[in-house]
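# Analysis of the macromolecular model
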Amino acid sequence: MDVQLKVRRQNPEAEGTPYWKEYALEVPDHFTLLDALIQVREEVDETLSLRCSCRSHICGSCSMRVNGHANLACKTKLSDIHSDTVTVEPMGNMPVIKDLVVDLEPFWKKLYSIDPYLQPAGEVPEREYVVPADSMLHLDGVVNCIMCGACVSDCESLSVNPIFIGPTAFAKEYRFIMDPRDAADTQRLMQMNGPGGVWDCTHCFQCVEVCPKDVAPMDRIMAMRKMLVDDGLAEKHNGARRQKAFTDIVGRYGRLDETRYLMKSVTMVELAGYAKVGLRSMTHGKLPPLRPHRIPDAARIRRIFERTRSTQRRRFKLHQQAQEGSPV
Amino acid sequence: MIYKHDVLVVGAGLAGMRAAIEAHNQGVDVAIVSKVYPVRSHSNAAQGGINAALGEGDTWESHGYDTVKGSDYLGDQDAIEILAREAPAAVLELEHWGVNFSRDETGHLGTRNFGGASQARTFFVADITGQALLQVMFEQLVRVGVRMYNEWFVTSLIESEGVVRGIVGMDIRSGQLHAIQAKAVVLATGGMGRVFEPSTNALINTGDGMAIAYRAGARLMDMEMMQYHPTTLKGSGALLTEGARGEGAYLLNAEGDRFMKKYAPNKLELASRDVVSRAEQTEINEGRGVDNCVLLDCRHLGKDLIMRKLGQIHELALELAGVDIVEQPVPVRPGFHYPMGGIKTDVDGKTTLDGLYAAGECACVSIHGGNRLGANSLLDTVIFGRRAGAAASEHSRSLPSPSDSFPLGEAALEQETSRIRALLDRPYVGELAAKVRWDMGVNMVKHCGVFRDADGLSEMGDLLQSLQDRATRVHVGDKGRVFNTNLTSVLELQFMLDLAVAVQITALTRTESRGAHTRTDYPERDDEHWLKHIQLQYRPNEAPEIHFTPVTMTRWEPQVRSY
């Protein structure tokens, strides 16, 4: 099989500006992109730098952008790529050190910032903590995260908002919040509630798309938003107010009434800031009707909301069980 | 630069991080240096689980006996007793630190079956146990706040007259060499799989710690004992966990027979790894293989169990071999996996050099002897990592500060700097590190594989001499300093060649068959002459010195070994 690799190179010890270099290779059909890059490094051009180790999707070293999207090079089978040329670039949202090697220090610092370790309460039991089997099984989905950085690379929020804590650290935070043994969930949630927290996610799905281990960081972010709302921790937050306004209005009328949505989701001071837009909309006939239309079968919509609410499970926490005195 | 610490741990996998956490808890100034970020370490590749006699009706004696039998009576029984006795506390500690071990329906820890074990005593997190443990160990390292030197490549030990007091290492990011002086050094650098081709191991597993300790004068032990894992994927050689067989998967030959009934009528697929690998290789050699493989059949386990407990190997088989294990048997064969041998230590990780400790895969206590049981390696890392960290801390307390006691950092740094400069200045004569490594690797599998004999081993000895010679002419094409992986690969090649020689010499020396070491010219175990360890002492420019030491026996007399 012939492949054409187009690799973005950068050498801080030479001119320092990025440039493209192409490599034409003949490789066996089963080759991954990592196999091909190793072949380049070993046989064609020893100056090519990249990180790699396990070759089996478990160490998280070899994430890079392949045809514009982050993935593990060892998980990218060349025979599955249908473009004539495979474009290979370092991960995004991180400064380049050399070639495909990026500076991960900011990535780790953000991870450390969330206190990424179990914080249990009370005395350590003599044996194991006794917890429901499915609560541990549920964590597998996040423990699967190999910290490869692919989600951070392609995160749209991070590209414009450098203080955004980012999908990897959020997934880790979720892992502790959902762990029955961890007692710091309220502090953790409050930390996620501030600037750079869960409300800064733009819901773009990139992290879900590119994650090579199906960790679905954005789903975890959304779950934490919901916990913040349910636990009454987010009432003063615009994002939370918007979410509440949206569900209240759609749940009641079956459709979104933009005027009410605005009034319910911002403060009076902020509302004044919308006056000019409001006036212009009115003079151009674009203002939504002041009395919202209720869609004919709004009751059905309401029932959907009720049903989703009742199926959502409260997270199981040992320290709360202990306080409430109920047996595990 | 010259940095100073009381205790320096080299390697940030499970053993290294556990050692560093222990040293921190003992109140000494500890730092950890690793050539990759800690969570990239190869501990994450352990899939199946970790053993402990924690369940009702299980005893440490039973775990100990299984381990001794698994080792084909070459394991030191005092060390194995420690392993088995401390296992329950070690597993519970991991659970308390946050490992989300699989639970049974009552919410208590659940177990799975594993090879060579008389009870289901393997605790696990799906088939990502190593990763789950590594993440949690890293979390604890962050919690206690151990200083990390990440992406540093250690080139040598600072050693003089049998006393070790630090390392010289390269910050890979800048390419600068630095010395780190320490009163005690703990090596926890993991395995040496890249000496063999193919292997289940990661590209970083180049035996650095074993090689630098060996060159500094520490002894290696049991180096002929190299484990071939029975179920590695055809093609890529990726590992498919023993947990699959633990959950009930079959091994089939070309005729569709569960051939293990012939080799291990009681334990079948769950005999110890050396037994299963030998059986597979025999089937393949006698023409009952499928394309140089046998088949691992998981189909009868059902999709639900496979996805819940064997998700990772389902993904690997699908991505790397195009086989959906729910629908089809997957071709597997024995593949190089794990060295039972390594740097000789006592039960507290102390090597034969003063101030030097070792733990985990790079060390040889010896608890694995001739053959390691599955799920005993994760256990080894946490138990002997902790013990080595404690012993190194205690040793460091008995000494004055590193600079006063051992002002050798500068000299060592200068020496390594000129060595590296000479490497970078070598002219190109057509010799590439990758090519030499490849020739070493495929021939090591050929001659030091599942089956060995004097002819093949002698041939390998000659070949290694010529490879050593070629390695002196290997050229570094990348002349830069920043992230020069070409340079590190040349340094690693030298490490690996030293270890390949150690394997070849000890394998030729042991004229019997025991554990993973099967000599077709000496097919029987010979307790009368060979119930002993082989140790090697490095000598520059000549063959290493060979020493024999007795196996420590406590309560288990050698018996005929059958599964």
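This structure is a prediction, so every number in the text was calculated from the model and none was measured. (Residues numbered from 1 in each chain as written. Chains lettered and ligands numbered in written order. Predicted model: local features only at pLDDT ≥ 70, side-chain atom pairs only at ≥ 80, totals over all residues. Heavy atoms only, no water.)

## Observations regarding the overall build of chain A
In terms of helices and strands, chain A carries 15 helices and seven strands. Taken along its principal axes, the extent of the C-alpha atoms in chain A is 70 × 70 × 40 Å. Each of the 328 residues in chain A was classed as buried or not, and the buried ones make up 50%. Just so you have it, chain A exposes about 16,100 Å², and 53% of that area is on carbon and sulfur atoms. For chain A, the centre of its 44 positive side-chain charges and the centre of its 43 negative side-chain charges are spaced 11 Å apart. (Helix = DSSP H or I, 4+ residues; strand = E, 2+ residues; numbered from the N terminus. Buried < 20%, exposed > 50% of the residue type's maximum accessible area, 1.4 Å probe, protein only. Areas by Shrake-Rupley, 256 points an atom, 1.4 Å probe, with all protein chains shown as cover. Lys, Arg positive; Asp, Glu negative; His and termini not counted. Charge placed at Lys NZ, Arg CZ, Asp CG, Glu CD.)

## Describing the overall build of chain B
The helix and strand inventory of chain B stands at 17 helices and 21 strands. What you see for chain B is a C-alpha radius of gyration of 22 Å, in line with the 24 Å of a compact globule of 563 residues. Seen through its principal axes, chain B has C-alpha atoms that stretch 65 × 55 × 50 Å. Buried residues in chain B amount to 68% of all 563 residues. Excluding contacts between residues fewer than 6 apart, the proportion of contacts in chain B whose partners are at least 24 apart in sequence is 73%. As displayed, chain B offers around 17,700 Å² of accessible surface, 48% of which is attributable to carbon and sulfur atoms. (Rg over C-alpha atoms; globule rule 2.2 N^0.38 Å. Contact = heavy atoms within 4.5 Å.)

## Here's the deal with the packing of helix α1 (residues 14-25) of chain B against helix α4 (residues 129-144) of chain B
All names here are of chain B. Direction vectors running N to C along α1 and α4 enclose 30°, while the axes themselves pass 10 Å from each other. Here α4 runs roughly parallel to α1, going by the angle between their axes. Note on packing geometry: the crossing formed by α1 with α4 is left-handed. On α4, the residues touching L14, M17, R18, A20, I21, H24 and N25 of α1 are L133, L134, M137, F138, Q140, L141 and V144. (Axes fitted to C-alpha atoms, helices over the stretch in contact; angles between N-to-C directions. Parallel < 35°, antiparallel > 145°, perpendicular 65-115°, else oblique. Left-handed = near helix turned anticlockwise from the far one by under 90°.)

## With respect to the side chain of T345(B)
Residue and element names in this part refer to chain B. Within the secondary structure layout, T345 lies in the loop between β15 (342-344) and β16 (356-358). Note on T345: relative accessible area 1%, which makes it buried. Setting aside residues up to four positions removed in sequence, T345 forms contacts with K350, T351, A358, A363, C364 and V365.

## Quick notes on the confidence of the model for chain B
Here chain B averages 96 in pLDDT, and 99% of its residues register 70 or above. Across the assembled chains, the prediction reports ipTM 0.95 with pTM 0.94. (pLDDT = per-residue confidence, 0-100.)

## Quick look at the interface of chain B and chain A
Residue-level contacts link 58 residues of chain B with 60 residues of chain A. Each partner contributes to the roughly 5,100 Å² buried at the junction of chain B and chain A, and carbon and sulfur atoms together form 53% of this total. Our count for the contact surface shared by chain B and chain A stands at eight salt bridges. Measuring nitrogen to oxygen at the nearest pair gives 2.7 Å for the salt bridge that ties E151(B) to R51(A). Between the two partners, chain B and chain A, sit 35 residue pairs in polar contact (both at pLDDT 80 or more). Elements with a contribution of two residues or more to the side of chain B that touches chain A: α3 (77-97), α4, α10 (311-321) and α16 (485-509) of chain B. At eight residues, α4(B) tops the list of elements feeding residues into the side of chain B that touches chain A. (Buried area = accessible area lost by both parts, 1.4 Å probe. Salt bridge = Lys/Arg side-chain N within 4 Å of Asp/Glu carboxyl O. Polar contact = N/O pair within 3.5 Å; in protein donor to acceptor, adjacent residues only side chain to side chain.)

## Structural notes on the side chain of S513(B)
All names here are of chain B. Its location among the elements puts S513 in the loop between α16 and β19 (518-519). On the accessibility criterion, S513 (8% relative accessible area) is buried. Discounting residues that sit within four places of it in the chain, S513 has contacts with T518, R519, Y522, P523, E524 and R525.

## Points about the pattern of salt bridges
Any two side chains of opposite charge can pair, given that their charged atoms come close. Taken as a whole, this structure holds 69 salt bridges over all chains when the rule is applied. A salt bridge links D248(A) to K264(A); its shortest N-O distance comes to 4.0 Å. In this pair, D248(A) sits in helix α10 (residues 238-253) while K264(A) sits in helix α11 (residues 258-265), placing the two residues 16 residues apart along the sequence. Judged by relative accessible area, which is 30%, D248(A) ranks as partly exposed. Classification of K264(A) as partly exposed rests on a relative accessible area of 44%. We note a salt bridge from R470(B) to E431(B), for which the minimum N-O separation is 3.1 Å. Of this pair, R470(B) sits in helix α15 (residues 454-471) while E431(B) sits in the loop between α13 (409-425) and α14 (433-447), placing them 39 residues apart in sequence. An identical accessibility class is assigned to R470(B) and E431(B); each is buried. Connected via shared salt-bridge partners are D72(B), E224(B), D274(B), R278(B), R510(B), E512(B), R514(B), R525(B), D527(B) and R561(B).

## Observations concerning unusual backbone geometry
In terms of backbone geometry, most residues other than glycine have negative phi values and most peptide bonds are trans. The residue after E197(B), namely P198(B), is reached through a cis peptide bond having omega 0°. A cis amide bond links V365(B) with the next residue in sequence, S366(B), at an omega value of 5°. By secondary structure assignment, the location of S366(B) is in the loop between β17 (363-364) and α11 (377-397). Of note in this structure, M147(A) is not a glycine but carries a positive phi near 60°. With respect to the helices and strands, M147(A) occurs in the loop between α3 (133-143) and α4 (150-153). For M147(A), a relative accessible area of 2% translates into the label buried.

## Brief notes about a nonpolar patch on the surface
All names here are of chain A. Judged by side-chain polarity, L279, M282, L287 and L290 come together as a nonpolar surface patch covering roughly 420 Å² of accessible area. Its location among the elements puts L290 in the loop between α13 (275-283) and α14 (298-311). Of the residues examined, L290 reaches a relative accessible area of 64% and is grouped as exposed. (Patch = residues over 30% accessible without salt bridge, like charges linked within 9 Å, V, L, I, M, F, W, Y side chains within 5 Å.)

## Side note on the nonpolar core
By size, the foremost hydrophobic cluster in this structure holds 112 residues, and its most contacted members are W108(A), V7(B), I50(B), F101(B) and I383(B). With 11 residues, the top contributor of residues to this core is α3(B). Counting the residues that make up this core, at least three belong to each of domain 1 (2-102) and domain 2 (105-234) of chain A. Here V7(B) is in contact with A23(B), V28(B), D29(B), V30(B), A31(B), A182(B), A184(B), V186(B), A392(B), S393(B) and S396(B), once residues within four sequence places are set aside. Core analysis: the next-biggest nonpolar cluster, separate from the first, contains 80 residues, F153(B), M170(B), L457(B) and A471(B) among them. (Core = buried A, V, L, I, M, F, W, Y, C linked by side-chain atoms within 4.5 Å. Domains from an automatic or database assignment.)

## Points about the pairing of strand β13 (residues 294-297) of chain B
All names here are of chain B. Neither face of β13 is open: one carries V294 and L296, the other L295 and D297, and all of them are buried. Taken together, the three bridges between strand β12 (residues 250-252) and β13 define a ladder with antiparallel strand orientation. Within β13, the position partnered with L251 by the bridge is L296. Bridge analysis of β13 against strand β14 (residues 330-339) gives three bridges, and the strand direction is antiparallel. Note that in β14 the partner of L296 across the bridge is V330. (Pairing = 2+ DSSP bridges.)

## Some thoughts on the sheet that holds strand β5 (residues 122-123) of chain B
By definition, the strands of a sheet pair up through backbone hydrogen bonds, in either a parallel or an antiparallel sense. Residue and element names in this part refer to chain B. With antiparallel pairing, three strands are arranged side by side in an open sheet as β3-β5-β4. A single partner strand is all that each edge strand has here, and the edge strands are β3 (50-51) and β4 (111-112). In this structure, β4 lies alongside β5, joined through two bridges in antiparallel fashion. Within β5, the residue paired with R112 across the bridge is T122.

## Observations concerning the domain arrangement of chain A
Interface size, as often reported, equals the accessible area lost upon joining of the parts. Domain annotation of chain A identifies domain 1 (2-102), domain 2 (105-234) and domain 3 (238-309). Computed over C-alpha atoms only, the centres of domain 2 of chain A and domain 3 of chain A are separated by 30 Å.

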